[in-house]
Amino acid sequence: MSNIKIAGIGAYLPSLVVTNDRISEFVETSDEWIVQRTGMRERRISEGENTSDISTKAAKLALERAGIDAKDLELIIVATISPDMFIPSVACLVQSNLDADKAACFDISVACSGFVYGLETAKALMMSMNYKNALVIGAEVLSKVTDWTDRSTCILFGDGAGAAVLKRDQAPGIIKSYLRADGKKGEALTIGATDFDTPFSKEKKLAKRTIDMNGREILRFAVSVIDEAVTEVMKDTNVSFDDIKYIVPHQANYRIIKLAAEKLKLSEDKFYLNLEKVGNTSAATVPIALNEMYEKGLLNKGDKIILVAFGGGLTYAATLLEW
Ligand SMILES: CC(C)(COP(=O)(O)OP(=O)(O)OC[C@H]1O[C@@H](n2cnc3c(N)ncnc32)[C@H](O)[C@@H]1OP(=O)(O)O)[C@@H](O)C(=O)NCCC(=O)NCCS
């Protein structure tokens, strides 16, 4: 039983729906502009639930569907760039909420590529540590780090969490991953964290604690790395594009997906999109989309799918897996 498979998926979205019209009440924008440039119509925004709260709710659903008791969990990884705090990690907070006392716990900071990186990290640890299972969560309360006065960014992001439980299985699961980064381009998308202001610092440096982004550069980067990551993850696998039922991309902008599909010479229909209603929830977009697909009955055992994501770091990643 040496394969590692997603045995249960879950997600949780805060209940408050924030439409484009609602955003245009406080920044100079319009529903028409946002729909045309991004494809987004609404997103969910937390009114107080923190990253660990929404992670726990998504995790409970995934555990129930996997038929695993939290007490038997051996590993919890949370991919997030909007943790409740620096320490404890969100993974440790989730562990406490779930009473998952046996689990090793840590967060990873890979921005929007975090869930895809997290799956492969969990797989590798399950192999090296001989764990029977793992919980991988992508969760963000980005509204905490959004600059609500910046119309070029505040229209894009939303809050939400998705979770996957991994188990050992005889059938194929995670077949191959491709994980990369381009740190030299990191300045294109930043969220500051701490001030540099100590009795010893030569100059005071105050951090901008909200999202700062060069949208055009990210758009260009995204289109080229989706092409690279999807092409590379398929290499030497004996899987052809005809065998792929869905590509589940990071939900950043409809235009990015359209351009990437053209570059890959694939039909847009192969790409599963839900950004219209959920927006960009960074590390959570891919598991939230998977959960939605599962609930709609779109995923059957044996289906081959590709997950592909890109974002701050800049990072990018893809995973080829069998459902
Ligand atoms: C942010 C993004 C939607 C902007 O779209 P764009 O077509 O690149 O638009 P530009 O940034 O060139 O701006 C064009 C004009 O629209 C204006 N504009 C920006 N946001 C606006 C908004 N919400 N409403 C109305 N006008 C807006 C700009 O000020 C600019 O005006 P100007 O020409 O007078 O200076 C787009 O670049 C994008 O989605 N990039 C990728 C971002 C992303 O996915 N980030 C997360 C990655 S994980």
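For clarity, every value in this text was computed on a predicted model and none was experimentally measured.

**Some points on the environment of Leu-156**
Thought 1: Among the structural elements, Leu-156 can be located in the loop between helix H6 (151-154) and strand E7 (159-169).
Thought 2: As for Leu-156 and Gly-39, which are separated by 117 residues in sequence, their C-alpha atoms are 9.8 Å apart.
Thought 3: When sequence neighbours within four positions are dropped, the list of residues in contact with Leu-156 reads Thr-38, Met-40, Met-213, Ala-252, Gly-279 and Asn-280.

**Some thoughts on the nonpolar core**
Thought 1: Counting residues in each nonpolar core, the largest one holds 46 residues, and the members touching the most others are Ile-226, Ile-247, Ile-256, Ile-306 and Phe-310.
Thought 2: Listing elements by their share of this core, those giving two or more residues are helix H7 (215-234), strand E11 (244-249), helix H8 (254-264), strand E12 (304-311) and strand E13 (315-322).
Thought 3: In terms of residue count, H7 provides more of this core than any other element does, 11 residues in total.
Thought 4: Sequence-distant contacts of Ile-306, defined by excluding residues within four places in its chain, comprise Val-230, Val-233, Met-234, Phe-241, Ile-244, Tyr-246, Ile-247, Val-248, Ala-318, Thr-319 and Leu-320.
Thought 5: Counting residues in each nonpolar core, the second largest holds 35 residues, with Phe-115, Ala-122, Val-136 and Ala-309 among its members.

**Let's talk about the packing of H7 against H8**
Thought 1: Between H7 and H8, the shortest axis-to-axis distance is 9 Å and the interhelical angle comes to 45°. Comparing the axis directions of H7 and H8 gives the class oblique. The element H7 and its partner H8 pack so that their crossing is right-handed. Residues Leu-219, Ala-222, Val-223, Ser-224, Ile-226, Asp-227, Val-230 and Thr-231 of H7 pack against Arg-255, Ile-256, Ile-257, Leu-259, Ala-260, Lys-263 and Leu-264 of H8.

**Topic: a positive patch on the surface**
Thought 1: On the surface, Arg-37, Arg-216, Arg-220 and Arg-255 cluster together into a patch of positive charge.
Thought 2: Structurally, Arg-37 can be placed in helix H2 (residues 31-38).

**Quick notes on the site of the ligand**
Thought 1: What surrounds the ligand is a group of 22 residues, the closest being Thr-29, Arg-37, Arg-151, Arg-216 and Asn-253.
Thought 2: At 3.4 Å, a side-chain N or O of Trp-33 approaches a nitrogen atom of the ligand.
Thought 3: Contact between the ligand and Arg-255: an oxygen atom at 3.2 Å from a side-chain N or O atom of the residue.
Thought 4: Expressed as a share of its isolated accessible area of 960 Å², the protein-covered part of the ligand is 76%.
Thought 5: Breaking the shell around the ligand down by element, the ones donating at least two residues are H2, H6, H7, H8 and E12.
Thought 6: Take the shell around the ligand: its biggest share by element is four residues, from H7.
Thought 7: Grouping the amino acids of the shell around the ligand by side-chain chemistry returns nine nonpolar, eight polar and five charged.

**Topic: the side chain of Thr-56**
Thought 1: Within the element layout of this structure, Thr-56 appears in helix H3 (residues 51-66).
Thought 2: Look at Thr-56 and you get buried, because its relative accessible area is 6%.
Thought 3: A polar atom in the side chain of Thr-56 sits 2.9 Å from the side chain of Asn-97.
Thought 4: With residues up to four places along the chain from it excluded, the contact list for Thr-56 reads Val-94, Asn-97 and Leu-98.

**Focus: the pattern of salt bridges**
Thought 1: Within the structure shown, the criterion is met by 17 salt bridges.
Thought 2: The salt bridge partner of Glu-74 is Lys-132, with a shortest N-O separation of 3.9 Å. Here Lys-132 lies in the loop between helix H5 (114-129) and strand E6 (133-141) and Glu-74 lies in the loop between H3 and strand E4 (75-79), a separation of 58 residues in the sequence.
Thought 3: Relative accessible area serves as the criterion here: at 54%, Lys-132 is assigned to the exposed category.
Thought 4: Across the pair Lys-258 and Glu-262 runs a salt bridge whose closest N-O atoms are separated by 3.6 Å. Of this pair, Lys-258 and Glu-262 both sit in helix H8, separated by four residues, roughly a single helical turn.
Thought 5: For Lys-258, a relative accessible area of 32% translates into the label partly exposed.
Thought 6: For Glu-262, a relative accessible area of 48% corresponds to the partly exposed category.
Thought 7: The network of salt bridges with common partners includes Asp-147, Lys-208 and Asp-212.

Here is what the cut-offs are and how they apply
All residue numbers here refer to positions counted from 1 along the written sequence of the relevant chain. Two thresholds apply to this predicted model, a pLDDT of at least 70 for residue-level local features and 80 or more for giving and counting side-chain atom pairs, whereas whole-chain, interface and lining totals are computed over all residues. Only hydrogens and water are removed before side-chain values are computed, so all heavy atoms of the structure are retained for them. Secondary structure counts use DSSP, requiring at least four H or I residues in a row for a helix and at least two E residues in a row for a strand, with both numbered from the N terminus. We call two residues in contact whenever any of their non-hydrogen atoms come within 4.5 Å of each other. Side-chain atoms within 4.5 Å are what join buried Ala, Val, Leu, Ile, Met, Phe, Trp, Tyr and Cys residues into a set we call a nonpolar core. Think of it in three bands: with a 1.4 Å probe and only protein chains considered, a residue is buried below 20% of the maximum accessible area for its type, exposed above 50%, and partly exposed in between. Geometry is summarised by axes, namely lines fitted to C-alpha atoms with helices restricted to the contacting stretch, and by angles between N-to-C directions that run from 0 to 180 degrees. Put simply, angles under 35 degrees are roughly parallel, angles over 145 are roughly antiparallel, angles from 65 to 115 are roughly perpendicular, and the rest are oblique. Handedness of each helix crossing follows the sense of rotation of the near helix against the far helix: counterclockwise by less than a right angle gives left-handed, clockwise gives right-handed. Residues enter a patch when their relative accessible area is above 30% and they make no salt bridge; the linking distance is 9 Å between like charges and 5 Å between nonpolar side chains (Val, Leu, Ile, Met, Phe, Trp, Tyr). Residue-level accessible areas treat just the shown protein chains as cover; the underlying method is Shrake-Rupley with a 1.4 Å probe. When a carboxyl oxygen of Asp or Glu lies within 4 Å of a side-chain nitrogen of Lys or Arg, that pair is called a salt bridge. Charged-residue counts in this description rest on Lys and Arg as positive and Asp and Glu as negative, His and the chain ends being excluded. Charge positions are represented by NZ for Lys, CZ for Arg, CG for Asp and CD for Glu. Proximity is defined per residue: if any heavy atom of the residue lies within 4 Å of a molecule or strand, that residue is considered near it. Between N or O atoms, a polar contact is any pair within 3.5 Å; within protein, one atom must be a potential hydrogen donor and the other a potential acceptor, and residues adjacent in sequence are included only when both atoms are from side chains. Asp, Glu, Lys and Arg are counted as charged, while Ala, Val, Leu, Ile, Met, Phe, Trp, Tyr, Cys and Pro are counted as nonpolar; the rest, among them Gly, fall into the polar class.

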